[in-house]
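Summary of structural features
What follows is each chain in one-letter form.
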Amino acid sequence: MASGTRKPQKNNRRSGEKRGPAAFFADPRFLLTTAIVIFVVTFYLTIAFISFLFSGDADQSKLDIKWHELVFNPEIKVENKAGKTGAWLADVIINRGFGISAFIFIYLLVISGLRLLGRKMVNFGRNSLLSVFSIIWLSITLGLIFEKTKGGTFIYPGGRYGFIASDWISSMLGKIGTGLLMLTTGFLVVALTFRSFLPWLQHKLQASPNAAPPEKPKNQVVRPVPVPFNDNPISKVIEEDNVVTAIFDPDNQGDDRSHLPFEIDKSGNQEVFQPVKLPDVPFQGEVDGGDDEEEIVPGDLGNYDPRLELSGYKFPTLDLLDDHKTENVEVTNEELVSNKNRIVETLRQYKIEITKIRATIGPTITLYEIVPAPGIRIVKIKNLEDDLAMSLAALGIRIIAPIPGRGTIGIEVPNQNPTLVSMKSILGSRKFQESTAELPVALGKTISNETFTFDLTKMPHILVAGATGQGKSVGLNVIIMSLVYRMHPAELKFVFIDPKKVELNLYTVLEKHYLAKLPSEPDGIISDVQNVKYTLNSLNIEMDDRYDLLKKVNVRTIKEYNDKFVQRRLNPEKGHRFLPYIVVIIDEFADLIMTAGKEIEMPIARIAQKARAVGIHMIIATQRPSTNIITGVIKANFPTRMAFKVVSMIDSRTILDTPGANQLIGKGDMLVSSGSSMTRVQCAFIDTHEVENVCKFIGEQRGFPTAFLLPEVETDQEEGGPDTDLSNKDELFDDAARLVVIHQSGSTSLIQRKLAIGYNRAGRIMDQLEKAGIVGPGEGSKPRQVFIQDEYSLEQLLRNI
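Report on the accompanying structure. As the structure is a computational prediction, the values presented were derived from the model and not from experiment.

Focus: the overall build of the chain
When you go through the chain residue by residue, the secondary structure sums to 28 helices and 19 strands. The burial tally for the chain puts 48% of its 801 residues in the buried class. Taking contacts inside the chain between residues at least 6 apart in sequence as the whole, the part at least 24 apart equals 70%. Accessible surface, the chain: about 39,700 Å² in total, of which carbon and sulfur atoms supply 56%.

Digging into the packing of aromatic side chains
Counted according to the given criterion, the structure contains 9 aromatic pairs. Between the aromatic rings of Y313 and Y514, the centroid separation amounts to 6.4 Å while the plane-to-plane angle is 75°, which identifies the pairing as edge-to-face. Here Y313, found in the loop between β3 (262-265) and α11 (333-349), pairs with Y514, found in the loop between β11 (492-497) and β12 (516-517); they are 201 residues apart in sequence, far enough to count as distant. Grouping residues by exposure puts Y313 and Y514 together as buried. Members of the aromatic cluster, joined through ring pairs, are Y313, F315, F494, F496, Y507 and Y514. The ring of F432 has R486 sitting right over it, with the charged end atom 5.5 Å from the ring centre.

Side note on the environment of I100
Along the chain, I100 turns up in the loop between α5 (83-98) and α6 (103-116). Here the alpha-carbon distance between I100 and I135, two residues 35 residues apart in the chain, equals 8.8 Å.

Overview of the side chain of S170
One can find S170 in helix α8 (residues 159-193). Residue classification places S170 among the buried residues on the basis of a relative accessible area of 17%. If we ignore the near neighbours within four places in the chain, the residues touching S170 are L144, K175 and T178.

A short note on empty space enclosed by the protein
Tallied over the entire structure, the rule returns 1 cavity of 30 Å³ or more. The volume enclosed by the largest cavity comes to roughly 50 Å³. Every residue along the wall of the largest cavity is listed here: P363, T364, I365, K445, T446, I447, D669, R680, V681 and Q682. Those elements giving two or more residues to the lining of the largest cavity turn out to be β8 (440-446) and β18 (677-683).

A look at the sheet that holds strand β9 (residues 451-455)
Pairing in this open sheet of 10 strands is mixed, and the strands run β9-β8-β18-β17-β16-β10-β15-β14-β11-β13 from one edge to the other. Pairing within the sheet leaves two strands with one partner each, and these edge strands are β9 and β13 (525-526). In terms of strand pairing, strand β14 (residues 581-586) meets strand β15 (residues 616-622) through 5 bridges, oriented parallel. When the bridges of β15 are listed, I582 appears paired with I616.

Some remarks on the pairing of strand β7 (residues 409-414)
Working note: regular strand, side chains alternate between the two faces of the sheet. Among the 6 residues of β7, 6 are classified as buried, and the element is accordingly described as predominantly covered. A two-sided burial pattern is seen for β7, the buried positions comprising I409, I411 and V413 on one face and G410, E412 and P414 on the other. Relative to β7, strand β5 (residues 365-372) is paired through 6 bridges, and the arrangement is antiparallel. Residue pairing for β7: I365 is matched across the bridge by P414. In this structure, strand β6 (residues 398-400) lies alongside β7, joined through 3 bridges in antiparallel fashion.

Focus on the pattern of salt bridges
Across all of its chains, the model carries 26 salt bridges by this definition. Taking the shortest distance from any N to any O, the salt bridge between K533 and E599 comes out at 3.0 Å. Taken as a pair, K533 in helix α17 (residues 529-552) and E599 in helix α20 (residues 598-610) lie far apart in primary sequence, 66 residues in all. The partner of R606 in a salt bridge is D544, with the nearest N and O atoms 3.2 Å apart. Placement of the pair is R606 in helix α20 and D544 in helix α17, with a sequence separation of 62 residues. Using a relative accessible area of 30% as the deciding quantity, one classes R606 as partly exposed. Residues joined by salt bridges that share partners form a network here, namely R398, E412, D669 and R680.

What about the nonpolar core?
Ranked by internal contacts, the top residues of the largest apolar core, which has 103 residues, are F494, Y507 and I604. Considering every element that reaches this core, the biggest residue donor is helix α16 (residues 472-486), with 8 residues. Not counting residues up to four positions away in its chain, the partners in contact with F494 are I480, L483, V484, Y514, L515, A516, V583 and I585. Ranked by size, the runner-up nonpolar core spans 22 residues in total, among them I343, V344, A359 and I370.

Re the layout of surface pockets
Estimates place the volume of the largest pocket at around 1,100 Å³. Lining of the largest pocket is provided by 41 residues; of these, R398, I400, P404, E412 and M678 occupy positions nearest its centre. For the lining of the largest pocket, the secondary structure elements donating two or more residues are β5, α13 (385-392), β6, α22 (649-656) and β18. It is β18 that provides the largest number of residues to the lining of the largest pocket, a total of 4 residues. Looking at the lining of the largest pocket residue by residue, the classes come out as 18 nonpolar, 14 polar and 9 charged.

Regarding α13
Turning to α13, its buried residues are E385, L388, A389 and L392. Down the axis of α13, the smallest arc covering the buried residues is 100°, so these residues share one side. Projecting away from the buried face of α13 at angles above 90 degrees are the exposed residues D386 and M390. Just beyond α13, the residue with positive phi is A393, at close to 55°.

Focus: the pairing of β14
Where burial is concerned, most of β14 is hidden: 6 out of the 6 residues are buried. Of the two faces of β14, the one carrying Y581, V583 and I585 and the one carrying I582, V584 and I586 are both buried. Across 6 bridges, the pairing between β11 and β14 is parallel. Following the sheet pairing, K493 is matched in β14 by I582.

Considerations on the environment of F589
Relative to the assigned elements, F589 resides in helix α19 (residues 589-596). The class for F589 is buried, based on a relative accessible area of 0%. Considering only alpha carbons, one finds F589 and I629, 40 residues apart in sequence, at a separation of 7.9 Å. What F589 contacts, discounting residues up to four positions off in sequence, is I600, I604, I620, A621, T622, I629 and I634.

Thoughts on the packing of α6 against helix α7 (residues 124-146)
Remark: α6 packs on α7, axes separated minimally by 9 Å, with the N-to-C direction vectors making an angle of 165°. Relative to α7, the element α6 is oriented roughly antiparallel. For the pair α6 and α7, the crossing hand works out as left-handed. Between α6 and α7, the residues in contact are I104, F105, Y107, L108, I111, S112 and R115 and F124, N127, S128, S131, V132, S134, I135 and L138, respectively.

Considerations on α11
The terminal C-alpha atoms of α11 lie 24 Å apart, and with 17 residues this matches the ideal 24 Å at 1.5 Å per residue to within 8%. Of the residues making up α11, those classed as buried are E335, L336, V337, N339, K340, N341, I343, V344, T346 and L347. Following α11 by one or two positions, K351 adopts a phi angle in the positive range, close to 60°.

The rules behind each value
- Residues numbered from 1 in each chain as written.
- Predicted model: local features only at pLDDT ≥ 70, side-chain atom pairs only at ≥ 80, totals over all residues.
- Heavy atoms only, no water.
- Helix = DSSP H or I, 4+ residues; strand = E, 2+ residues; numbered from the N terminus.
- Buried < 20%, exposed > 50% of the residue type's maximum accessible area, 1.4 Å probe, protein only.
- Contact = heavy atoms within 4.5 Å.
- Areas by Shrake-Rupley, 256 points an atom, 1.4 Å probe, with all protein chains shown as cover.
- Phe/Tyr/Trp six-rings, centres within 6.5 Å; stacked < 30°, edge-to-face > 60°.
- Lys NZ or Arg CZ within 6 Å of the ring centre and 35° of its normal.
- 1 Å grid on protein atoms, 1.4 Å probe; cavity = no way out; pocket = protein on both sides within 12 Å on 5 of 7 lines; lining within 4 Å.
- Points joined across faces, edges and corners; volume = space filled by probe spheres on them.
- Pairing = 2+ DSSP bridges.
- Salt bridge = Lys/Arg side-chain N within 4 Å of Asp/Glu carboxyl O.
- Core = buried A, V, L, I, M, F, W, Y, C linked by side-chain atoms within 4.5 Å.
- Nonpolar A, V, L, I, M, F, W, Y, C, P; charged D, E, K, R; others polar.
- Arc of directions from axis to C-beta.
- Axes fitted to C-alpha atoms, helices over the stretch in contact; angles between N-to-C directions.
- Parallel < 35°, antiparallel > 145°, perpendicular 65-115°, else oblique.
- Left-handed = near helix turned anticlockwise from the far one by under 90°.
- Expected span 1.5 Å × (residues − 1).

Encoded structure:
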């Protein structure tokens with residue numbers, strides 16, 4: 001028992017040894033209490049100081065007596081709002097102390113209290129020293145200027161301390177020498193504190209009224225709009241010393257982080273313009289020499305206008321779109337400071353030194369570009385992705401090592417408050433409005449807050465992939481709206497393939513304006529798998545027909561051909577016609593591949609290989625970026641890929657051939673890969689009702705009599721019907737019919753396997769069974785439907801054949 005009681009005493013003694021003055025003063029409760037006391041005293045002194053300026057004259061005679069008589073004599077009353085104590089303290093600190101500069105003491109108390117509360121103050125040490133110097137310097141300067149008082153007022157502007165100090169210095173240097181001393185010390189302090197002051201003053205002194213504006217000093221960081229885009233946003237200037245050095249060395253810790261060059265790029269708001277008036281003749285350019293098909297029409301007829309049939313068509317306006325209020329959410333300096341310091345500290349933990357760091361702020365992420373010290377291997381930084389993500393407490397970071405063409409290493413860090421990019425701001429940007437592309441598309445904003453636009457004819461086919469709910473359907477709507485806002489219905493046609501039946505259904509009202517379909521297709525939006533196969537085959541026929549037209553007039557591209565047609569150099573009576581661009585958009589490509597397989601993949605691959613020159617472009621979207629969906633044939637013919645957030649690195653490699661899409665943050669965050677370049681873009685957001693507004697605006701206008709009709713294509717029924725002769729039935733026809741009815745499965749492979757015959761013979765028997773009405777038409781890779789339900793009905797049918 002005794003030994004059991006000694007151990008707690010020993011532990012108590014040890015715990016008591018740990019407690020001491022240092023632990024007491026570092027206790028959070030002590031710091032909080034001290035901070036509260038400082039704030040209360042500060043508030044009280046503020047009231048006393050301000051009240052002293054107005055009531056000090058009336059209280060002056062009462063303040064000349066001894067302090068204890070003033071405080072303890074109830075008959076003495078003062079006008080100061082802080083009472084006798086406040087009046088006495090104000091008189092001591094202001095009149096008997098430092099004069100008007102004593103108000104800086106209030107600021108010093110405030111930042112001290114905030115520091116005790118644990119708040120990261122901006123250069124606390126430097127600001128404190130600067131405040132103390134300002135109190136002394138201003139007191140002496142005012143004491144020199146005003147001597148005792150001015151105009152008989154009760155206030156000493158420089159205080160008694162300022163008067164005595166200035167009087168003593170004046171006795172040694174004279175008043176002129178004292179004035180020069182004060183000006184010199186003030187100038188030196190400003191120059192040493194704000195290192196950009198001297199270059200600024202130098203340029204001001206050198207500049208003349210007629211001189212050209214001087215160049216920016218080297219230590220002034222200008223936030224230009226980074227390459228490759230140029231939307232001319234409003235640039236903001238951050239000077240290195242009075243902002244960057246001040247903010248990026250919090251607490252004045254004394255390490256060399258404050259000497260690390262740091263630059264910030266922030267882009268301003270983009271001016272929104274109304275859609276410009278498009279040229280009446282959209283196709284211009286040089287024309288190659290013609291051939292026998294070419295005819296020169298007299299010039300008095302003028303050029304052919306493809307828009308003439310719908311001359312009253314009005315383009316949709318920006319008023320139909322919403323201006324989302326969440327734009328212009330700025331990244332705070334505190335966030336930049338914190339991320340920059342954590343990056344530097346994490347790299348230093350692994351003995352990686354950097355010589356420069358630069359931040360480019362985008363709508364969703366901030367790109368920190370670092371320049372490593374000589375001798376640092378890039379792969380060493382690349383392997384620290386997880387460590388940096390943990391240090392920054394970010395959703396996911398991406399390291400670009402190195403950034404192509406920049407000579408730096410990029411670290412992309414998500415912003416705490418991402419910005420929603422509205423479709424209205426993208427379509428209203430100068431870059432999109434002034435684009436001269438054949439098929440201009442505005443997709444969103446880049447890291448540098450630039451509008452990201454591209455010409456679909458240069459892509460020319462796009463593969464879009466990403467996990468469910470990451471923005472694929474919104475991205476397709478953004479592409480469609482970009483084209484609709486710039487292209488006339490006579491110049492552009494869409495083929496919409498939507499196996500889900502609901503994603504693209506909003507565009508049904510555009511059937512007589514922008515849609516293309518088969519003559520036998522009842523709906524403008526194609527959703528049936530069999531009709532998808534027919535439509536793709538029809539597009540192959542349209543592609544071949546267009547190549548025949550180009551061959552006849554000896555041109556290589558649709559632009560050259562339409563140039564000649566617009567100039568009336570081609571005769572419509574010989575089969576020539578104006579060729580609109582056709583954009584094929586397929587949503588949920590994985591469902592089509594799973595259902596039809598090669599019957600879908602091969603026509604798509606053929607279009608992707610050849611259709612670019614004749615103005616047929618394809619955009620495919622899928623949420624399953626696996627290798628059995630995005631095959632080698634598809635990837636080889638879709639050089640442009642857009643990857644939204646995916647689940648795994650394997651999916652990212654399937655889409656982009658490189659990791660990165662698995663580290664995106666979702667909600668429209670995407671990577672656009674075109675050739676060897678890759679750009680991170682925040683996709684614009686367009687809501688469903690905005691799409692409805694635009695479609696309704698177009699649908700209410702007069703359109704063409706019908707949709708753009710694609711060439712007819714032979715269906716499975718037509719292929720098997722004429723060549724099938726029941727008078728010359730196969731000798732195994734009856735056995736195959738009974739087999740199909742018994743199993744209720746119209747499968748060619750079933751007949752081949754059960755009857756031990758070849759595939760070609762089994763296929764001919766299946767065509768005969770279809771002709772006889774026993775089975776239905778082919779449904780791709782699915783078994784055919786069996787119309788006969790029992791053997792008795794089958795025997796009746798066989799006797800009648």
